[in-house]
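Observations on the three-dimensional arrangement
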Amino acid sequence: MAKLTKANLFKAEKPRAETLIDKTTRAAWEILDDESEKRETKTARLRKARLEREASTVSKAPKATAKGTAKKSG
């Protein structure tokens, strides 16, 4: 008797045809993934620009000293 293996024991499944709903879902996910990637890229670019701007303004600004605080009357 022949040795049983996955190849000869189970029939290979035929790939099922992609339905209209599957196509729509795939297209929607591609759009969402693309928008997400663009948003992450823009966020990273803006964060980098903000950090560079903050670093340059901090180094140029004189250091403030806290000699005293204003007291509230009342």
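Report follows, based on the coordinates.

What counts and how
Chains are numbered independently. Their residues run from 1 in the order of the written sequence. Only residues with pLDDT of at least 70 get local features here, since the model is predicted, and only at 80 or more are side-chain atom pairs given and counted; chain-wide, interface and lining totals rely on the full set of residues. Side-chain metrics in this entry use all non-hydrogen atoms of the structure; hydrogen atoms and water are not considered. Here a helix means four or more residues in a row that DSSP labels H or I, a strand means two or more in a row labelled E, and each is numbered from the N terminus. Note on classification: 1.4 Å probe, protein chains only; a residue is buried when its accessible area is under 20% of the maximum for its type, exposed when over 50%, partly exposed between these limits. Per-residue and other accessible areas follow the Shrake-Rupley method at a 1.4 Å probe size, with only the shown protein chains counted as cover for residues. Basic side-chain nitrogens of Lys or Arg form a salt bridge, by our definition, when they fall within 4 Å of a carboxyl oxygen of Asp or Glu.

What follows concerns the overall build of the chain. Across its full length, the chain carries two helices and zero strands. For the chain, buried positions account for 0% of its 74 residues. Total accessible area computed for the chain in this model is approximately 8,100 Å², and 59% of it derives from carbon and sulfur atoms.

Attention now moves to the pattern of salt bridges. Tallying each qualifying case throughout the model produces five salt bridges. Between Arg 26 and Glu 30 there is a salt bridge, with the nearest N and O atoms lying 3.7 Å from each other. Of this pair, Arg 26 and Glu 30 are both found in helix H2 (residues 20–60), four residues apart, which corresponds to roughly one turn of the helix. Across the salt bridge formed by Asp 34 and Lys 38, the nearest N and O atoms sit 3.6 Å from each other. With Asp 34 and Lys 38 both in helix H2 and four residues apart, the pair spans about one turn of that helix. With relative accessibility at 36%, the residue Asp 34 sits in the partly exposed group. Here Lys 38 falls in the exposed class, since its relative accessible area comes to 55%.

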